[in-house]
Amino acid sequence: GVCSSDLCGSALGSPEQGTLVLGGTLRIGAATAEPITLSGGTLLLATDDRVSSPIVVEPAAEAHIISGRFSKNTVITGGVTGQGDIDFRGVLTVEQNPLAHDGDVRVRDGSLTLNRANTYTGETLVQGGGLTVNHPDALGIATTPVRVEKGGLLLQVPFDRELMIGGTWDTATLTVPDPATVV
């Protein structure tokens, strides 16, 4: 199916063809496993269940938005591929399949928890909310920087890469495992 307006998609496309989001907001209110292609607009994951749909992002002028609810965690298990930057909002956790797209990962509001190795090629930016890292290879390919401009970064595992803290300590926080050395 094709979705180009807000809150469409109560009956999504076929499991083989999936759903193409051209604009507006596609609200997923129950567990689904069909492929979702995000060409524009917002993917709102408003479910307590795991979303096992593989998500493909297509190149766009603006970052794609993948949002969960702010009151409960939604677990993304289908992974993300394709090309384009992604703004994560709401309370989301990534498990099983990786974030493997060509583009940035941005945390704007809420929290994002990364529990697995990921291979995205862009920067990791925390611009509000918080990012929790539970796997040593969670932050994409090893040559990309991690920037915390506003919000927080919680490292639950060893961390060995470039980290840039912007703003002031009033707006950006870093929590590291004990023992740790920050240089």
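Right above here is the structure, for reference.
Throughout what follows, the structure given in this document is the object of discussion. Every chain is numbered on its own, with residues counted from 1 as its sequence reads. At least 70 in pLDDT is required for a residue's local features to be given in this predicted model, at least 80 for side-chain atom pairs to be given and counted, and no such filter applies to totals for whole chains, interfaces and linings, which use all residues. Side-chain metrics in this entry use all non-hydrogen atoms of the structure; hydrogen atoms and water are not considered.

### As for the overall build of the chain
- Assigned secondary structure in the chain consists of zero helices and 18 strands.
- Residue burial is assigned from relative accessible area. The probe radius is 1.4 Å, only protein chains are included, and a residue is buried under 20% of its type maximum, exposed over 50%, and partly exposed in between. Burial statistics for the chain: of 183 residues in total, 44% are counted as buried.
- Considering only contacts within the chain whose residues lie at least 6 apart along the sequence, 16% involve residues at least 24 apart.
- Per element, the accessible surface of the chain, about 8,500 Å² overall, is 50% carbon and sulfur. Under the scheme used here, helices are H or I runs from DSSP no shorter than 4 residues and strands are E runs no shorter than 2 residues, and both carry numbers assigned from the N terminus. The contact definition used throughout considers only heavy atoms, calling two residues in contact when any of these lie within 4.5 Å. What sets the accessible areas is the Shrake-Rupley method with a 1.4 Å probe; for residues, cover comes only from the shown protein chains.

### A short note on the nonpolar core
- Buried Ala, Val, Leu, Ile, Met, Phe, Trp, Tyr and Cys residues form a nonpolar core when they are joined through side-chain atoms within 4.5 Å. Within the largest apolar cluster, 33 residues are counted, with the highest numbers of intra-cluster contacts made by Leu43, Ile66, Phe88, Leu112 and Leu131.
- Counting residues per element, this core draws most heavily on strand S16 (residues 146-155), which supplies four residues.
- With sequence-adjacent residues up to four places away left out, Leu43 is seen in contact with Leu26, Ile28, Ile36, Leu38, Ile55, Ile65, Ile66 and Ser67.

### Concerning the environment of Val146
- When you line up the elements, Val146 lands in strand S16.
- Here Val146 falls in the buried class, since its relative accessible area comes to 0%.
- Each C-alpha atom of the pair Val146 and Arg161 lies 7.8 Å from the other, and the pair is 15 residues apart in sequence.
- When sequence neighbours within four positions are dropped, the list of residues in contact with Val146 reads Thr124, Leu139, Leu153, Phe159, Arg161, Glu162, Leu163 and Met164.

### Things to note about the pattern of salt bridges
- Any Lys or Arg side-chain nitrogen located within 4 Å of an Asp or Glu carboxyl oxygen qualifies as a salt bridge. Applying the stated rule across the entire model yields eight salt bridges.
- With a shortest N-O distance of 3.1 Å, Arg106 and Asp85 are connected by a salt bridge. With Arg106 in strand S13 (residues 105-107) and Asp85 in the loop between strand S10 (80-82) and strand S11 (86-89), this residue pair connects regions lying 21 residues apart in the sequence.
- A relative accessible area of 16% places Arg106 in the buried class.
- Taking the shortest distance from any N to any O, the salt bridge between Asp87 and Arg89 comes out at 3.6 Å.

### As for unusual backbone geometry
- Residues other than glycine seldom take positive phi values, yet Gln96 does so here, at roughly 65°.
- Structurally, the position occupied by Gln96 is in the loop between strand S12 (91-94) and S13.

### Re the environment of Ser39
- For Ser39, the location among the structural elements is in the loop between strand S4 (36-38) and strand S5 (42-45).
- Separated by 44 residues in sequence, Ser39 and Gln83 have C-alpha atoms that sit 9.9 Å apart.
- Ignoring sequence-local partners within four residues, the contact set of Ser39 consists of Leu20, Val21, Leu22, Glu58, Ala60 and His64.
- The definition of a polar contact used here is a pair of N or O atoms within 3.5 Å, where within protein one atom must be able to donate a hydrogen and the other to accept one, and adjacent residues in sequence count solely through side-chain atom pairs. Polar side-chain contacts of Ser39 include one of 3.1 Å to the side chain of Glu58.

### Here's the deal with the pairing of S11
- As paired strands, strand S8 (residues 64-68) and S11 are joined by four bridges and run parallel to one another. Paired with His64 across the bridge in S11 is Ile86.
- Strand pairing is defined by DSSP finding a minimum of two bridges between the two strands. Two elements, S11 and S13, share three bridges in a ladder whose sense is parallel. When the bridges of S13 are listed, Phe88 appears paired with Val107.

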